[in-house]
Amino acid sequence: MRLSVLDQSPISEGSTGAEALHNTIDLAVASDELGYHRYWVAEHHGGPMLAGGSPEALIGPIAAATERIRVGSGGVMLPHYSPLKVAETFSILAGLFPGRIDLGIGRAAGTDPLTTFALQRDRRQASPDDFPQQLAELLAYFDDSLPDDHPFQRLAAMLPGRPQLPDTWLLGSSPQSAIWAGELGLPYAFADFINPGGAEIAALYRERFAAARALQTPRTAVAAWVLCAPTDDQAQHLATSSRMTLTLLRRGELIPVPPPEKATEFLRREGKLDGRDGGQLPGRRGIIGSPEKVRAEIEQLAVEYGAEEVIVVTITHDHQARKRSYELVADAFGLEPASARLAASTNP
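None of these values were measured; they are calculated from a predicted model.

**Student:** I tried to follow the packing of aromatic side chains on my own but got confused; where do I start?
**Tutor:** Think of a pair of aromatic rings as described by two things: how far the centres are apart, and how the planes are tilted against each other in angle. If you walk through the whole model with that rule in mind, you get 7 aromatic pairs. Between the aromatic rings of Phe 131 and Trp 180, the centroid separation amounts to 5.4 Å while the plane-to-plane angle is 40°, which identifies the pairing as tilted. Taken as a pair, Phe 131 in helix α5 (residues 131-143) and Trp 180 in helix α6 (residues 175-184) lie far apart in primary sequence, 49 residues in all. Accessibility assignment for this pair places Phe 131 and Trp 180 in one class, buried. For the ring pair Phe 190 and Tyr 305, a centre distance of 5.6 Å and an interplane angle of 35° mean the geometry is tilted. In this pair, Phe 190 sits in strand β6 (residues 188-191) while Tyr 305 sits in helix α10 (residues 291-305), placing the two residues 115 residues apart along the sequence. The buried category is assigned to Tyr 305, whose relative accessible area is 0%.

**Student:** Whenever I open this one, helix α3 (residues 83-96) confuses me. Can you help?
**Tutor:** An α-helical turn contains 3.6 residues, so any two residues separated by three or four positions project in the same direction. Between its first and last C-alpha, α3 extends 20 Å over 14 residues, near the 20 Å set by a 1.5 Å rise per residue. When we look at burial in α3, the residues that qualify are Pro 83, Leu 84, Val 86, Ala 87, Thr 89, Phe 90, Ser 91, Leu 93 and Ala 94. Next to the buried residues of α3 lie α2 (55-65), β3 (70-77), β4 (101-106) and α5.

**Student:** Sorry if this is basic, but what is going on with the layout of surface pockets here?
**Tutor:** Over the atoms, a rolling probe the size of a water molecule traces out where space has been left empty. Computed from the structure, the largest pocket encloses a volume of approximately 1,200 Å³. Along its surface, the largest pocket is lined by 46 residues, and Gln 8, His 44, Gly 110, Phe 193 and Ile 194 are the ones closest to its centre. Where the lining of the largest pocket is concerned, the elements lending two or more residues are β3, β5 (167-172), α6, β6, β7 (220-228) and α8 (232-249). Broken down by element, the residue count for the lining of the largest pocket peaks at 4 residues, all from α8.

**Student:** Can you help me understand unusual backbone geometry in this one?
**Tutor:** Across the chain, the bulk of peptide bonds are trans and the bulk of non-glycine residues have phi less than zero. The linkage connecting Gly 74 with the following residue, Gly 75, adopts the cis geometry, with an omega of 5°. Tracing the backbone through its elements, the reader meets Gly 75 in strand β3. With an omega dihedral of 10°, the bond running from Arg 162 to Pro 163 counts as a cis peptide bond. Structurally, the position occupied by Pro 163 is in the loop between α5 and β5.

**Student:** Looking at this model, I keep getting lost on the pairing of β5. Mind explaining?
**Tutor:** Every other side chain in a regular strand lies on the same face of the sheet, so the side chains alternate between the two faces. Taken across its 6 residues, β5 has 5 buried, putting it largely inside the fold. In the sheet, β4 pairs with β5 via 4 bridges, with the strands oriented parallel. Residue pairing for β5: Gly 104 is matched across the bridge by Trp 169. Pairing of β5 with β6 involves 3 bridges; the strand directions are parallel. By the bridge assignment for β6, Leu 171 is matched with Ala 189.

**Student:** For this particular structure, what's the right way to read the nonpolar core?
**Tutor:** The nonpolar side chains of a soluble globular protein tend to be buried with one another. Ranked by size, the top nonpolar core spans 69 residues in total, and within it Leu 3, Tyr 36, Ile 105, Ile 298 and Val 329 carry the most contacts. If we skip the residues at most four places from it in the chain, Tyr 36 touches Leu 3, Ser 4, Val 5, Ser 31, Arg 68, Ile 69, Tyr 326, Val 329, Ala 330 and Leu 335. Core analysis: the second largest hydrophobic core is formed by 26 residues, Met 49, Phe 193, Ala 235 and Ile 315 among them.

**Student:** Where do I start with the packing of α10 against helix α11 (residues 319-333) in this structure?
**Tutor:** Think of two packed helices as two axes; the pair is described by the angle between the axes and how far apart they sit. One can describe the packing of α10 onto α11 by two numbers: an axis separation of 9 Å at closest approach and a directional angle of 70°. Classified by the interaxial angle, the pair formed by α10 and α11 is roughly perpendicular. The residues of α11 that touch α10, namely those facing Pro 291, Val 294, Arg 295, Ile 298 and Glu 299, are Leu 328, Val 329, Ala 332 and Phe 333. Tallied by class, residues from the contact of α10 with α11 come to 7 nonpolar, no polar and 2 charged.

**Student:** Explain α5 to me, please; I cannot follow it from the model alone.
**Tutor:** Here α5 spans 18 Å end to end across 13 residues, near enough to the 18 Å set by a 1.5 Å rise per residue. Among all positions in α5, only Phe 131, Gln 134, Leu 135, Glu 137, Leu 138, Leu 139, Ala 140, Tyr 141 and Phe 142 are buried. Taken together, the buried residues of α5 touch α3, β4, β5 and α6. Looking one or two residues beyond α5, the residue adopting positive phi is Asp 144, at roughly 55°.

Parameters and conventions
Residues numbered from 1 in each chain as written. Predicted model: local features only at pLDDT ≥ 70, side-chain atom pairs only at ≥ 80, totals over all residues. Heavy atoms only, no water. Phe/Tyr/Trp six-rings, centres within 6.5 Å; stacked < 30°, edge-to-face > 60°. Helix = DSSP H or I, 4+ residues; strand = E, 2+ residues; numbered from the N terminus. Buried < 20%, exposed > 50% of the residue type's maximum accessible area, 1.4 Å probe, protein only. Expected span 1.5 Å × (residues − 1). Contact = heavy atoms within 4.5 Å. 1 Å grid on protein atoms, 1.4 Å probe; cavity = no way out; pocket = protein on both sides within 12 Å on 5 of 7 lines; lining within 4 Å. Points joined across faces, edges and corners; volume = space filled by probe spheres on them. Pairing = 2+ DSSP bridges. Core = buried A, V, L, I, M, F, W, Y, C linked by side-chain atoms within 4.5 Å. Axes fitted to C-alpha atoms, helices over the stretch in contact; angles between N-to-C directions. Parallel < 35°, antiparallel > 145°, perpendicular 65-115°, else oblique. Nonpolar A, V, L, I, M, F, W, Y, C, P; charged D, E, K, R; others polar.

Next up, the structure:
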């Protein structure tokens with residue numbers, strides 16, 4: 001089973017978006033050294049908690065700062081963009097960093113309706129809901145499969161990074177995304193940290209899978225919310241920050257990631273520290289605890305989803321605590337650090 005990282009570039013209370021973006025680069029370098037397989041950055045707009053509004057702008061600096069790890073989007077929210085522009089951008093990235101670039105595509109807005117409207121180039125009316133057509137056009141640019149009579153047919157051969165191309169994934173948290181991914185023969189990454197009831201949806205993807213392009217068998221990844229610390233109590237203490245942000249999010253209030261001390265006091269006032277919720281995140285599944293507990297629950301999740309890969313999402317107020325969580329997970333699974341691989345290759 002592969003382990004990977006999804007970084008939403010969290011902004012801590014008292015910090016700035018610029019600092020959050022530098023933390024993303026720092027965590028990517030650490031993840032590369034620790035032996036994680038891929039590093040994806042998310043797209044969210046118009047809120048005070050997450051700084052990753054442009055994954056395509058982050059991928060290049062991350063790939064340049066790392067050596068081995070695959071780098072990509074988790075994901076690009078295609079309804080905001082021209083398929084050709086996305087194809088060109090990721091073609092360039094693939095040309096610069098061959099064999100290392102992933103394009104994860106999502107349908108969600110990644111923000112509220114007003115910000116979605118602000119992101120539109122043409123604001124005379126709301127954009128149409130034509131995601132399947134957008135996706136088909138995007139894939140046709142990569143495959144150079146537009147019909148001869150299509151007005152954009154010649155543009156596919158003009159992608160600037162050819163012959164290098166990104167690996168394209170479809171992201172989702174609903175049955176419809178699973179159907180599209182299966183019918184198009186794409187690898188599928190399911191967001192369990194959004195919808196913790198997705199095992200049957202992942203099974204639907206495999207049921208509908210039709211071999212296409214370079215993928216002959218289904219490939220399933222599951223993205224999970226994970227927080228690891230030396231002890232269960234320490235992990236639960238760190239997780240109070242996300243419990244507070246998610247509690248307020250459900251009320252329509254977005255805030256930066258608060259420190260655990262502030263979050264603990266908030267949860268106490270809310271009557272949410274009595275243990276009846278098991279220390280879980282409101283409406284979400286959280287894998288929270290010591291390395292032994294976290295490893296067991298990640299393995300159980302992978303079996304539940306039939307997934308070959310688990311993508312770990314971690315948010316804490318303190319950046320060093322977040323890095324430490326990824327270190328502990330890597331140690332628990334025995335990932336091979338880059339330094340160990342290098343030593344093995346130079347000492348036959």
